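Survey of secondary and tertiary structure
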Amino acid sequence: MRLFTFFTAALLFIATIQLPIGFYTALRILVFICSILLVRSSYQDSLTNWVIIFLVIAVLFNPIIPVYLYKKSIWIPIDIIAGILFMAKGLFWKRTTH
């Protein structure tokens, strides 16, 4: 799961450059899936702050009812912040045993 988290973070940083719309569509799906998995994992580990953070990210990037902000200049800081959060979660990953 850590590698998936780092991979997602890297793609979020790459998303700050101009790329074809297909990349952003795939990124939206990937970020949504990774966020939901991190919500589940964080919830099981009783890490409430991470649950809230990744729920917000999942809502922003959800492919079912997309949030359209229409301007790349608005998405760039969101992509960077989300990338930093995914990197932080990957770096400080501590999975408890149940």
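What you see is a predicted model; the values in this text were computed from it and never measured.

Description of the overall build of the protein chain
Along the backbone of the protein chain there are four helices and zero strands. Along the protein chain, helices (α) and strands (β) appear in the sequence α-α-α-α when read from the amino end. In terms of overall dimensions, the protein chain has C-alpha extents of about 40 × 25 × 20 Å along its principal axes. Buried positions account for 34% of the 98 residues belonging to the protein chain. Carbon and sulfur atoms provide 75% of the accessible area of the protein chain, an area that totals close to 6100 Å².

What to know about the environment of Ser46
Tracing the backbone through its elements, the reader meets Ser46 in the loop between helix 2 (21–44) and helix 3 (48–61). It is 23 Å that separates the C-alpha atoms of Ser46 and Ile81, two residues lying 35 residues apart in sequence.

Structural notes on the packing of aromatic side chains
Scanning all chains against the criterion turns up five aromatic pairs. When the centroid spacing of 5.4 Å and the interplanar angle of 85 degrees are considered together, the rings of Phe23 and Tyr24 count as edge-to-face. Through pairs of rings, three or more aromatic residues link up here, namely Trp50, Phe54 and Phe86. Sitting over the face of the ring of Tyr68, Arg28 holds its NZ or CZ atom 5.9 Å from the ring centroid.

Points about the environment of Leu3
Among the secondary structure elements, Leu3 is positioned in helix 1 (residues 2–14). In the structure, Leu3 is positioned 14 residues away from Ile17 in sequence and 23 Å away in space, judged by C-alpha atoms.

Quick look at helix 2
For helix 2, spanning 24 residues, the distance from its first C-alpha to its last is 35 Å, which sits close to the expected 34 Å at 1.5 Å a residue. Listed as buried for helix 2 are Tyr24, Leu27, Arg28, Leu30, Val31, Cys34, Ser35, Leu38, Val39, Ser41 and Ser42. Of the surrounding secondary structure, the elements contacted by the buried residues of helix 2 are helix 1, helix 3 and helix 4 (72–91). Looking one or two residues past helix 2, Ser46 carries a phi angle of roughly 60 degrees, positive in sign.

Rules used throughout
Residues numbered from 1 in each chain as written. Predicted model: local features only at pLDDT ≥ 70, side-chain atom pairs only at ≥ 80, totals over all residues. Heavy atoms only, no water. Helix = DSSP H or I, 4+ residues; strand = E, 2+ residues; numbered from the N terminus. Buried < 20%, exposed > 50% of the residue type's maximum accessible area, 1.4 Å probe, protein only. Areas by Shrake-Rupley, 256 points an atom, 1.4 Å probe, with all protein chains shown as cover. Phe/Tyr/Trp six-rings, centres within 6.5 Å; stacked < 30°, edge-to-face > 60°. Lys NZ or Arg CZ within 6 Å of the ring centre and 35° of its normal. Expected span 1.5 Å × (residues − 1). Contact = heavy atoms within 4.5 Å.

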